[in-house]
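Here is how the chains run, residue by residue.
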Amino acid sequence: MKMEVRITTLSENTANYGFLGEWGLSILVEAEGLKILVDTGLSFSAVHNAQKMGIDLSTIDRIMLSHGHADHTGGLREVLKITGEMEVIAHPDIWTAKYVRRNQETAQYIGVPFPREELESLGARFNLAREPVRITDNIMTSGEIPMVTVYEQLENNLLIMKDSVFQQDPLADDLALIINTDFGLVVILGCAHRGIVNTLRHAQKLTGQELVYAAIGGTHLFRASDERIEQTIVDLKDIGIQKLGVSHCTGFRASARLAQEFEDVFFLNNAGTSFMLP
Ligand SMILES: [Fe+2]
Ligand SMILES: [Fe+2]
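Definitions and cut-offs
- Residues numbered from 1 in each chain as written.
- Chains lettered and ligands numbered in written order.
- Predicted model: local features only at pLDDT ≥ 70, side-chain atom pairs only at ≥ 80, totals over all residues.
- Helix = DSSP H or I, 4+ residues; strand = E, 2+ residues; numbered from the N terminus.
- Rg over C-alpha atoms; globule rule 2.2 N^0.38 Å.
- Contact = placed C-beta atoms within 7 Å.
- Pairing = 2+ DSSP bridges.
- Axes fitted to C-alpha atoms, helices over the stretch in contact; angles between N-to-C directions.
- Buried ≥ 20, exposed ≤ 12 C-beta atoms within 10 Å, placed from the backbone.

A.B. asks: Help me understand the overall build of the chain, please; the structure alone is not making it clear to me.
C.D. replies: Regarding its fold elements, the chain presents seven helices and 17 strands. Relative to its length of 278 residues, the chain is compact, with a C-alpha radius of gyration of 17 Å against a globular reference of 19 Å. The dimensions of the chain, computed from C-alpha atoms along their principal axes, are 45 × 45 × 40 Å. Here the analysis covers contacts within the chain between residues at least 6 apart in sequence; of these, 72% occur between residues at least 24 apart.

Now the structure itself:
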């Protein structure tokens with residue numbers, strides 16, 4: 001089926017002229033007549049930037065949360081105030097207490113910054129699933145992403161609190177949105193904590209579509225070793241990606257390397273960016 005996909009980035013660490021930048025991510029995806037909001041940014045920048053772009057968030061059809069971290073879920077309250085009743089697709093582990101350890105002494109809470117009840121009172125209807133959720137025949141969430149590459153590892157400073165003990169966060173809640181178009185897969189990444197290559201390989205497997213046209217969003221390479229960045233480049237070339245729009249937790253060093261390797265395939269996907277695929 002002939003398909004067009006519009007991708008509009010409402011919130012991101014860096015902003016285009018006239019928009020607010022904020023550490024986090026929020027991407028509006030329009031495909032097959034649906035408007036799906038992937039993540040909501042850290043606070044009010046997604047709502048602010050949507051208004052600036054003339055986007056009426058009361059017309060969105062779904063929200064998908066890529067994981068529980070506050071820089072992706074913190075804007076949810078502001079968005080729900082505009083949408084009212086709304087299906088929010090996510091993995092059940094978004095509700096585990098999540099922390100980051102920035103030094104030996106302290107761990108900072110970085111989980112969903114609102115009680116579930118408050119969000120539900122504003123209209124959130126949580127659809128929590130470990131499995132992929134099919135939104136249309138061609139649009140689905142990834143469900144849990146298997147970690148198969150050797151070099152894509154979780155960060156050991158990202159933690160959960162379980163039975164009063166800090167443990168490494170397995171980030172099983174890390175989801176992507178997959179759109180299976182006639183020109184190939186379009187994959188929207190949140191942080192890609194489980195690895196961009198793991199995510200794209202999983203999307204190929206789930207859909208039976210080998211062609212990956214675009215990956216847009218966070219790649220979590222900002223603290224990656226040179227070795228991981230280089231391996232990622234090799235595998236992205238093997239996958240044959242046509243558009244690589246990185247955001248958020250990609251970081252300067254990985255972005256520079258990817259830009260150098262992928263030339264016109266690469267772009268920085270900042271707040272205020274809006275384009276149509278293919
Ligand atoms: Fe994250
Ligand atoms: Fe993030």
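From this point, the narrative continues.
A.B. asks: Looking at this structure, how should I read the sheet that holds strand β4 (residues 62-64)?
C.D. replies: Strands belonging to one sheet form pairs held by backbone hydrogen bonds; the direction of such a pair is parallel or antiparallel. The strand order β8-β5-β4-β3-β2-β1-β17 describes an open sheet built from seven strands, whose pairing is mixed. The sheet is open, and its two borders are formed by β8 (124-128) and β17 (274-277), each paired with just one other strand. Within the sheet, the average angular offset between the axes of one strand and its neighbour, ignoring direction, is 25 degrees. Sitting on the sheet, helix α1 (residues 45-52) is in contact with β1 (5-12) and β2 (25-31), with an inclination near 130 degrees to β1.

A.B. asks: When you look at α1 in this model, what are you seeing that I'm missing?
C.D. replies: For the α-helix, the turn length of 3.6 residues means that residues three or four positions removed from each other point alike. Listed in full, the buried residues belonging to α1 are S45, A46, V47, N49 and A50. Structurally, α1 contributes buried residues whose contacts are with β1, β2 and α3 (76-83).

A.B. asks: Can you help me understand the environment of G143 in this one?
C.D. replies: Secondary-structure assignment places G143 in the loop between β9 (139-141) and β10 (158-162). Each C-alpha atom of the pair G143 and H67 lies 11 Å from the other, and the pair is 76 residues apart in sequence. In this view, G143 contacts A129, R130, E131 and P132; residues no more than four positions away in its chain are not counted.

A.B. asks: Looking at this structure, I do not really get the sheet that holds β10. What am I missing?
C.D. replies: If you trace the four strands from one edge of the open sheet to the other, you get β7-β6-β10-β11, paired in antiparallel fashion. Among the strands making up the open sheet, the edge pair consists of β7 (107-109) and β11 (165-168). Each strand of the sheet is rotated relative to its neighbour by a mean of 40 degrees, with strand direction disregarded. Bridge count between strand β6 (residues 98-101) and β10: three bridges; the pairing is antiparallel. Across the sheet, the residue bridging to K98 is I160, located in β10.

Nothing here speaks to function; it is geometry throughout.
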